[in-house]
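What follows is the residue order along each chain.
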Amino acid sequence: MDTAVSAKLTRNAIFLVLVASLGYFVDIYDLLVFSIVRKSSLHDIGISDADMLAKGQFIINVQMFGLLLGGILWGVIGDKLGRIKVLFGSILLYSIANFANAYVTDVNMYATIRFIAGIGLAGELGAGITLVTETLSKEKRGYGTMIVAVIGLFGAAAAVMVAKHGWQNAYKVGGGLGILLLLLRIGTFESGMFKNVEKSDVSKGNFFMLFSNWGRFKKYIYCILIGAPLWYVVGVLVTFSPEFGVALKAKDALSAGDGVLYCYIGIAVGDIFAGLLSQITRSRKLTMVVFLLISVISVICYLRAEGLTSQHFVWLCFFMGCTVGYWATFVTIAAEQFGTNIRATVTTTVPNFVRGSLIPITLAFNAFKGHYGMITSGYIMMGILTLIALLSLSQLKETFGKDLDYAEVS
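Now for a look at the structure at hand.

Analysis parameters
Residues numbered from 1 in each chain as written. Predicted model: local features only at pLDDT ≥ 70, side-chain atom pairs only at ≥ 80, totals over all residues. Heavy atoms only, no water. Helix = DSSP H or I, 4+ residues; strand = E, 2+ residues; numbered from the N terminus. Core = buried A, V, L, I, M, F, W, Y, C linked by side-chain atoms within 4.5 Å. Buried < 20%, exposed > 50% of the residue type's maximum accessible area, 1.4 Å probe, protein only. Contact = heavy atoms within 4.5 Å. Phe/Tyr/Trp six-rings, centres within 6.5 Å; stacked < 30°, edge-to-face > 60°. 1 Å grid on protein atoms, 1.4 Å probe; cavity = no way out; pocket = protein on both sides within 12 Å on 5 of 7 lines; lining within 4 Å. Points joined across faces, edges and corners; volume = space filled by probe spheres on them. Nonpolar A, V, L, I, M, F, W, Y, C, P; charged D, E, K, R; others polar.

1. Concerning unusual backbone geometry
A positive phi angle is found at Lys-249, which is not glycine, with a value near 55°. In this structure, Lys-249 sits in the loop between helix H13 (241-247) and helix H14 (256-281). Within the chain, Arg-282 stands out as a residue other than glycine whose phi angle is a positive 55°. Looking at the secondary structure, you find Arg-282 in the loop between H14 and helix H15 (284-303).

2. Things to note about the nonpolar core
Grouped together as the largest cluster of nonpolar side chains are 132 residues, with contacts concentrated most on Trp-231, Phe-244 and Tyr-264. For this core, the element with the most residues is helix H1 (residues 3-44), which contributes 15 residues. Setting aside chain neighbours within four positions, we find Trp-231 in contact with Leu-31, Leu-32, Met-64, Val-236, Tyr-264, Val-354, Arg-355 and Leu-358.

3. A closer look at the packing of aromatic side chains
In the structure shown here, the tally under the stated rule is 16 aromatic pairs. Consider the rings of Phe-34 and Tyr-110, whose centres lie 5.4 Å apart with planes at 85°: the pair is edge-to-face. With Phe-34 in helix H1 and Tyr-110 in helix H4 (residues 107-121), this residue pair connects regions lying 76 residues apart in the sequence. Ring centres of Tyr-302 and Phe-313 lie 6.4 Å apart, and the angle between their planes is 40°; this geometry places the pair in the tilted category. With a gap of eleven residues between them, Tyr-302 in helix H15 and Phe-313 in helix H16 (residues 310-323) connect regions that are remote in the sequence. Like Tyr-302, the residue Phe-313 is buried in the burial classification. Within the aromatic cluster, the residues linked to one another by ring pairs are Phe-211, Trp-214, Phe-217, Tyr-220 and Phe-353.

4. Here we look at the side chain of Thr-362
With respect to the secondary-structure elements, Thr-362 resides in helix H19 (residues 358-394). The contacts of Thr-362, once residues within four sequence positions are left out, are Gln-57, Asn-61 and Val-236.

5. Quick notes on the layout of surface pockets
Rolled over the atoms, a probe as big as a water molecule pinpoints where empty space is left. The volume enclosed by the second largest pocket comes to roughly 210 Å³. Every element with two or more residues in the lining of the second largest pocket is listed here: H1, helix H7 (155-163) and H14. The element best represented in the lining of the second largest pocket is H1, accounting for six residues. Residue composition of the lining of the second largest pocket, grouped by class: seven nonpolar, four polar and four charged.

6. What to know about empty space enclosed by the protein
If you walk through the whole model with that rule in mind, you get four cavities of 30 Å³ or more. By volume, the largest cavity amounts to about 50 Å³. Contributing to the lining of the largest cavity are Gly-142, Thr-145, Met-146, Asp-271, Gly-275, Ser-278, Arg-284, Ala-328, Thr-329 and Thr-332. Residue assignment for the lining of the largest cavity shows that the elements contributing at least two residues are helix H6 (141-153), H14 and helix H17 (327-336). Among the residues making up the lining of the largest cavity, the classes are represented as two nonpolar, six polar and two charged. There is about 40 Å³ of room inside the second largest cavity. As for the second largest cavity, its lining consists of Tyr-24, Ile-28, Leu-153, Leu-230, Trp-231, Tyr-264, Ile-267, Trp-327 and Arg-355. Only H1, helix H12 (228-238) and H14 provide two or more residues apiece to the lining of the second largest cavity.

Set out below in structure tokens:
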């Protein structure tokens, strides 16, 4: 290949990884901002302390339902019309929604706008990861997705810092960041693999293809289930840490915002190690097994920390974050399991269905909590989800170094 052409392709690939990374940064910022400002924002619109947990769970579940629907919508668009259109459309929608969130006055209005934001947020990660995996070489795409995850996850840190200046400002900044990124994306190039499939006669973006073949359907479900423990840690154990603090007889009031900050810093660190481990061992599956097992240890440490201080709490959140830092590896596994004509659909829906799994996870946790209390229920849910994830992982094929330039047939 001509040196000048090779250099241009390298620059384009670097720019694409940067754009995808910053997109995920804004995605994480906007996804978690409610968890961070939950108590202050609900208090300001008149919600009592007694109703804080129930109303908070309602709003976050509505947001996650938006992610479920948005995952399907943007995934289909990504395979039918291109990955770039998803990157532009999704960020515009959730940027507008976040501006609107700064002006909510009641719970129903709050939930409705978070639902719209959830639909928008659903397209960001899947489209970015799909572009990166289809553009970088099969030997190096793991590094690309690792960089996207590491940079992106620091969006949680940014959200915590901005939220210190007021929950309304946190939403406004999130909207502004999205618009700035939208301008940066002008000039981003489309995936070559998608262009090849676009010219063919194969079915593209057919969500129902995932259900028309038993083997394909099982593989899809397994991809979702291997990521569920991570979102349980973030969406239940950390998000509702003030309530866990009461159950653990914590010496200080625990801050969910601080917990999210340190947890996501830990996830970013964990993603680096997970990415490197998968490259060194040339096995995504082995990496997932290692992290799933050590995540159980971290959760046990958290749930046994009776009488913990706020300082002890943030370090436990960091530790838990490190041990569930397999997000990039998990999403890469999903992208590598399926053909180009439904890859965006899979890569967009799988992480959002994992996020959306917080709805049944929360319901199950609350059911256990009614019988066994906060702490025992925490153990039970982590055990169940980890066992399911390990069994699902055992059914998936190793995809490290797999050639992705192929299409699924009906």
